[in-house]
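# Survey of secondary and tertiary structure
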Amino acid sequence: MWNLNFAPPVVIEARVIAAMPAALRLPRRSAWADANKAGHIVDCFLEGPVFGADGALYVTDIPHGRILRVDGDNDWCVVAETGGWPNGLARHRDGSLWVADYRLGILRCDPATGQVDTVLGERNSESFKGVNDLVFDRAGRLYFTDQGQTGLHDPHGRVYRYDPASGRLDLLLANAPSPNGIALDANEQVLFVAVTRANQVWRGPLMRDGSLSKMGAFRTFFGTSGPDGLASTPAGGLLVAHASLGGVFVLNAGGEVTHFLKSPIAGSTVTNVAIRPDGGAVVMTESATGAILEAPLPA
């Protein structure tokens, strides 16, 4: 068990390690910004950080339908264009990148060639509400959120599990008001879901038959938005990017906030988070400015 000490969290200042170059920014109107940013001109909106097999960082640019690679020396390039609104990324064990695309469903991208193909475009001939984020387990099964425009006014967001080997698609959860980020604990016995518009992270044990049981609110936050991307730590903790509070919360196994990785950018929209392959640092997407942040991963 964990020891509850109710100590205030340690604040760690993150730093900017990369920013999208002007040549790649697209300052033009988009249907995504019309619906989600009150029609403002959004030249980029970064999401979905994941490290590829080549060691590079990959991110998505939602309104302009792009997948980008960021090399260590702040060298950016467009890897692929999906034709939709790509959000979360997850690396498959074969090296491909799987994409949660709001408009198109679950896609697969070959980062070497930029080829994109559809894995799941619908469920039983019904379109998804708008998939958001995804994570693989060690068996190669994919867990993903189907958020759409759900919220407290329409609490019917969904969470699915897809087994590529059998083609089986299981509906695990159908009553979440805005399911967003998703993560499995280090032992893959618990599923965490960021429920953005309820401003909570939900926690559900995974039973032996694969079903969810006793889904509950693990942590409740505040703010004008809510928890977004999630990542589990090797030590059993959870990283929670919060889209309106300017950073990433570090939770222990009991749901206590032990650290806060704070963005150095005022008014930050920190949407997602990933751990470097060596386990020593955390990277975050600061979506509003098109920046990549980094902070040490607390022990």
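Quick caveat, the model's predicted, so the values are computed rather than measured.

It is worth spelling out unusual backbone geometry at this point. The phi dihedral of Asn-124 is positive, around 50 degrees, even though this residue is not glycine. Note on placement: Asn-124 falls in the loop between strand E11 (122-123) and strand E12 (126-127). A residue is classified by how much of its surface remains accessible, and Asn-124, at 67% relative accessible area, is exposed. Notably, Ser-178 is not glycine yet its phi reads approximately 85 degrees, a positive angle. Assignment of secondary structure puts Ser-178 in the loop between strand E16 (168-176) and strand E17 (179-184).

Moving on: the packing of aromatic side chains. Aromatic ring pairs are reported here in terms of the distance separating the ring centres and the angle at which the planes meet. A complete count under the given rule lists nine aromatic pairs for this structure. Between the aromatic rings of Phe-128 and Tyr-160, the centroid separation amounts to 5.5 Å while the plane-to-plane angle is 75 degrees, which identifies the pairing as edge-to-face. One end of the pair, Phe-128, is in the loop between E12 and strand E13 (131-136); the other, Tyr-160, is in strand E15 (residues 157-163), with 32 residues separating them in the sequence. Between Phe-144 and Tyr-160 the ring centres are 5.3 Å apart and the planes differ by 25 degrees, which places this aromatic pair in the stacked class. With Phe-144 in strand E14 (residues 142-146) and Tyr-160 in strand E15, this residue pair connects regions lying 16 residues apart in the sequence.

Below, the discussion takes up the state of the cysteines. This structure, assessed with the given rule, holds zero disulfides. Here Cys-77 stays unpaired: no disulfide links it, and the sulfur of Cys-109, its closest cysteine neighbor, is 11 Å away. Overall, the relative accessible area of 25% leaves Cys-77 in the partly exposed class.

A separate point is the sheet that holds strand E27 (residues 291-296). The sheet built from four strands is open, its strands ordered E2-E27-E26-E25 with antiparallel pairing. Only two strands of the sheet have a single neighbouring strand rather than two, namely strand E2 (15-19) and strand E25 (270-275). Averaged over all neighbouring strand pairs, the angle between strand axes comes to 30 degrees, with direction disregarded.

The next point concerns the pairing of strand E18 (residues 190-195). Most of E18 is tucked away: six of the six residues are buried. Burial along E18 is two-sided: the residues Val-190, Phe-192 and Ala-194 and Leu-191, Val-193 and Val-195 are all buried. With four bridges joining them, E17 and E18 adopt antiparallel strand pairing. For Leu-184, the partnering residue across the bridge sits in E18 and is Leu-191. As consecutive antiparallel partners, E17 and E18 are separated by five residues, and within that stretch Glu-188 has a phi angle of approximately 55 degrees, a positive value. Pairing between E18 and strand E19 (residues 200-205): six bridges, direction antiparallel. Paired with Phe-192 across the two strands is Arg-203, which belongs to E19.

Formed by 17 residues in total, the largest nonpolar core has its most connected members in Leu-239, Val-248, Leu-261, Val-273, Val-282 and Met-284. Counting only elements with at least two residues in this core, the list comes to strand E22 (238-242), strand E23 (247-251), E25, strand E26 (281-286) and E27.

Checked against the element boundaries, Leu-191 lands in strand E18. By relative accessible area, Leu-191 is classed as buried at 0%. As a C-alpha pair, Leu-191 and Met-215 span 24 residues in sequence and 9.0 Å in three-dimensional space. Setting aside residues no more than four positions away along its own chain, Leu-191 makes contact with Tyr-143, Val-159, Leu-172, Ile-182, Ala-183, Leu-184, Trp-202, Arg-203, Gly-204, Leu-206, Leu-212 and Met-215.

On to the side chain of Arg-66, then. Relative to the helices and strands, Arg-66 resides in strand E5 (residues 66-71). Reaching out from Arg-66, the side chain makes a polar contact with the backbone oxygen of Leu-24 at a distance of 2.8 Å. Of note is the side chain of Arg-66, whose polar atom sits 2.7 Å from the side chain of Asp-61.

On to the side chain of Asn-132. On the secondary structure map, Asn-132 appears in strand E13. At a separation of 2.7 Å, a polar atom in the side chain of Asn-132 contacts the side chain of Gln-147. Here Asn-132 is in contact with Asn-87, Gly-88, Ala-100, Thr-145, Gln-147, Pro-179, Asn-180 and Gly-181, once residues within four sequence places are set aside.

With that settled, consider the pattern of salt bridges. Summed over the entire model, instances satisfying the criterion amount to twelve salt bridges. In this structure, the salt-bridge partner of Arg-108 is Asp-117, at a minimum N-O distance of 2.9 Å. In this structure Arg-108 comes out as partly exposed when scored by relative accessible area, which is 28%. Residue Arg-168 pairs with Asp-170 through a salt bridge whose shortest N-O separation is 2.7 Å. Overall, the relative accessible area of 54% leaves Arg-168 in the exposed class. If you follow the salt bridges from partner to partner, you end up with Arg-15, Arg-276 and Glu-294 in one network.

The rules behind the values
Residues numbered from 1 in each chain as written. Predicted model: local features only at pLDDT ≥ 70, side-chain atom pairs only at ≥ 80, totals over all residues. Heavy atoms only, no water. Helix = DSSP H or I, 4+ residues; strand = E, 2+ residues; numbered from the N terminus. Buried < 20%, exposed > 50% of the residue type's maximum accessible area, 1.4 Å probe, protein only. Phe/Tyr/Trp six-rings, centres within 6.5 Å; stacked < 30°, edge-to-face > 60°. Disulfide = S-S within 2.5 Å. Pairing = 2+ DSSP bridges. Axes fitted to C-alpha atoms, helices over the stretch in contact; angles between N-to-C directions. Core = buried A, V, L, I, M, F, W, Y, C linked by side-chain atoms within 4.5 Å. Contact = heavy atoms within 4.5 Å. Polar contact = N/O pair within 3.5 Å; in protein donor to acceptor, adjacent residues only side chain to side chain. Salt bridge = Lys/Arg side-chain N within 4 Å of Asp/Glu carboxyl O.

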